[in-house]
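Notes for the structure review
Residue-level listing of the chains:
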Amino acid sequence: MEQFKNNVKKRIDYLGMEIAWMLREHGKTVVGEVSVKQLLGGMRGLTALVCNTSYVDPYRGLFISDYAIPEFEDKLPEEIFYLLCAGKFPNETELAELQEELAFRAELPDYLWTFIRQLPRHLHPMTMFSLCVLALEGESVFKQKYEAGELGKSEYWEYMLEDAVSLLAKLPALAAAIYRIHLLREEPMDYHPSLDWGSNLAHMLGVNPELSFAELVRLYMVLHCDHEGGNVSAFTSRVVNSALSNLYYATSAGLNGLAGPLHGLANQVCLRFIRGIHERFGESPGTDQLDAFVREELDAGRVIPGYGHAVLRVTDPRFTAFMEFGNRHCPNSPFLQTVKKLYYVVPNILKTYKEGKVANPYPNVDAISGTLLYQFGISHFDFYTVMFGISRTFGFCAQSIIALGLNQPIIRPKSVTNKWLMDALERAE
Ligand code: CMX
């Protein structure tokens, strides 16, 4: 992994120079302020973090380095991991080096197979996935070196990267084992050394041998890989890692955040939502029926899954990329048709709902991603967030590697009480 490490080091050195300049010239310059509404409202819009792996523009969506989605959606997931960490795409030999390493480390240890098989069936697959990542924690080279007192601060990132590659290498086999053993009740499929990482995941899930399924899995992995630093899962993972908890701990923690219905679980909820519509109105619901159904849901106090976003203020470009894939590969799918009709109906309703309080009435990625997985044979909805989690682990790992390379300290913002705040407001009057 020498070339990969060298390229990541170059990126860290470059970012480090920028940081040194900012601290030297502008260490005390104020670049933002915080309102009472932000303090009490989930810190929405508060600029309080620096994340150098990706950036979400409210109107243009996800950027990795300087690349927007149309410029990277056709890449391999491992190329995206390279981009997240090194800020550039790998050339052919650099990619081959990383792929070789991923293949070399792909095998699961025996104790993990025993662990997977013994997991209670009633657990949600996300719980299983998070537990399995945690169960691998003893593999952490960072932890071993740190505990042996062999690590200098400047080397932390390098061993985070070692752990990241080992963890990512194992995720296809691990996730596919959960799917096959616990959801399909079938035996796992063997790893295929001649396939790329994403195609291996598609192959080991074993539900659809078509090449377009591998294409979908790769696209899914690429589109969900990272979404800057402030979302629940990425932030949780980074906070945990900032205490020098290794990447297995940090990833498991991030996955636990992703499992929430307002975050990664929304894709599963979305498909249930669409299936509920089909059960009630048939597979080709009219827009009038959808309009009435959505209003009913809102009146019952439920959110419309797959719509809205904390940062985006337009249709999520990841939604658009999936829609284009669906139009190419399964244009007649009744599920896809209903996604399209909802896209026509829901934004108009959300725009006026709660007197225009919904900041973004447009769809996010979760409004469509589950539909495509379902169409291609992943029939267990509970597994969709695991797919999201596999991909998001790329981002968790890259963010921590870069942050430790830049010597970022433990994260510890200050919290205050209502009393403190009210006293401060009184003083400000
Ligand atoms: N349906 C109904 N109401 C919605 C809504 C939706 N899809 N999106 C936002 N709102 C409501 C909020 O619940 C909030 O109401 P209250 O003030 O009464 O609590 C109000 O509109 C303002 O919220 P907001 O500023 O627009 O949105 P937030 O930044 O607070 O929340 C999100 C963002 C994604 C949690 C929210 O839009 C939502 O719950 N969406 C549905 C779930 C979903 O699709 N989640 C996946 C997001 C992508 C991801 O992270 O994976």
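Each chain carries its own residue numbering, running from 1 in the direction its sequence is written. Local features are withheld for residues below a pLDDT of 70 in this predicted model, meaning they are given only at 70 or higher, and side-chain atom pairs are given and counted only at 80 or more; totals for whole chains, interfaces and linings count all residues. As a rule here, side-chain values come from all non-hydrogen atoms in the structure, and water together with hydrogens is ignored.

The protein chain goes by citrate synthase (unknown stereospecificity) in an unreviewed UniProt entry, where it is assigned to Maribellus luteus. UniProt positions are given in the numbering used here, feature names are shortened, and annotations may be inferred rather than shown by experiment. Of the protein chain, the UniProt comment under Sequence similarities (unreviewed entry) reads exactly: "Belongs to the citrate synthase family."

A look at the overall build of the protein chain
The way it works is that DSSP assigns letters per residue, a run of H or I at least four long becomes a helix, a run of E at least two long becomes a strand, and they are numbered from the N terminus. Along the protein chain, the regular secondary structure elements total 20 helices and three strands. Principal-axis analysis of the C-alpha atoms gives the protein chain an extent of 70 × 65 × 40 Å. When a residue's accessible area, from a 1.4 Å probe over protein chains only, is under 20% of the maximum for its type it is buried; when over 50% it is exposed; and in between it is partly exposed. Looking at the protein chain as a whole, 51% of its 429 residues qualify as buried. Contact definition: two residues touch when any of their heavy atoms are within 4.5 Å. If you take every contact in the protein chain between residues at least 6 apart in sequence, the share linking residues at least 24 apart comes to 77%.

Remarks on unusual backbone geometry
One non-glycine residue, Leu 244, adopts positive backbone phi at about 65°. Mapped onto the elements, Leu 244 comes out in the loop between helix 12 (232-242) and helix 13 (247-258). In this model, Asn 407 sits at a positive phi of 60°, which is unusual for a non-glycine residue. With respect to the helices, strands and loops of the structure, Asn 407 is situated in the loop between helix 19 (384-405) and helix 20 (418-428).

Some details on the nonpolar core
Counting 119 residues, the largest nonpolar core has Phe 4, Phe 81, Phe 129, Met 387 and Ile 390 as its most contacted members. In terms of residues, this core owes the most to one element, helix 9 (residues 156-184), which gives 20 residues. What Phe 4 contacts, discounting residues up to four positions off in sequence, is Phe 81, Tyr 82, Cys 85, Glu 97, Leu 98, Leu 161 and Val 165. Each nonpolar core is a collection of buried residues, namely Ala, Val, Leu, Ile, Met, Phe, Trp, Tyr and Cys, held together in the definition by side-chain atoms within 4.5 Å.

As for the pairing of strand 1 (residues 54-57)
In this description, strands pair whenever DSSP reports at least two bridges between them. Looking at chain direction, strand 1 and strand 2 (residues 61-64) are connected through four bridges and run antiparallel. Looking across to strand 2, one finds that Tyr 55 is bridged to Phe 63. The hairpin formed by strand 1 and strand 2 contains three residues between the paired strands.

Looking at the side chain of Thr 53
Relative to the elements of secondary structure, Thr 53 occurs in the loop between helix 2 (36-40) and strand 1. In protein, a polar contact requires one atom able to donate a hydrogen and another able to accept it; more generally it is a pair of N or O atoms within 3.5 Å, and residues adjacent in sequence count only if both atoms are side-chain atoms. Side-chain polar atoms of Thr 53 contact the side chain of Asp 226, separated by 2.6 Å. With residues near it in sequence (within four places) discarded, Thr 53 still touches Phe 63, Ile 64, Ser 65, Leu 84, Asp 226, Ala 398, Gln 399 and Ile 402.

Structural notes on the site of the ligand
Around the ligand, the structure places 21 residues, and the nearest of them are Arg 44, Tyr 307, Lys 354, Lys 357 and Ala 359. Leu 262 has a polar backbone atom sitting 3.0 Å from a nitrogen atom of the ligand. At 3.0 Å, a side-chain N or O of Asn 364 approaches an oxygen atom of the ligand. Only the protein chains shown count as cover for residues, and the accessible areas themselves come from Shrake-Rupley with a 1.4 Å probe. Protein coverage of the free-state accessible area of the ligand, which is 890 Å², stands at 78%. In the shell around the ligand, the residues fall into twelve nonpolar, five polar and four charged. For this description, a residue counts as near a given molecule or strand if any of its non-hydrogen atoms is within 4 Å of it. Under this grouping Gly is polar, as are all residues other than the nonpolar Ala, Val, Leu, Ile, Met, Phe, Trp, Tyr, Cys and Pro and the charged Asp, Glu, Lys and Arg.

Some details on the pattern of salt bridges
A pair is scored as a salt bridge if a Lys or Arg side-chain nitrogen falls within 4 Å of a carboxyl oxygen belonging to Asp or Glu. A full pass over the atoms with the stated rule returns 18 salt bridges. In this structure, Arg 105 engages Glu 162 in a salt bridge whose closest nitrogen and oxygen atoms are separated by 2.7 Å. Residue Arg 105 is located in the loop between helix 5 (92-104) and helix 6 (110-118), and its partner Glu 162 is located in helix 9; the two are separated by 57 residues in the primary sequence. What makes Arg 105 buried here is its relative accessible area of 14%. Residue Glu 162 is classed as buried on the basis of its relative accessible area, which comes to 15%. What emerges from the salt-bridge pattern is a single network uniting Lys 5, Glu 101, Arg 105, Glu 158 and Glu 162.

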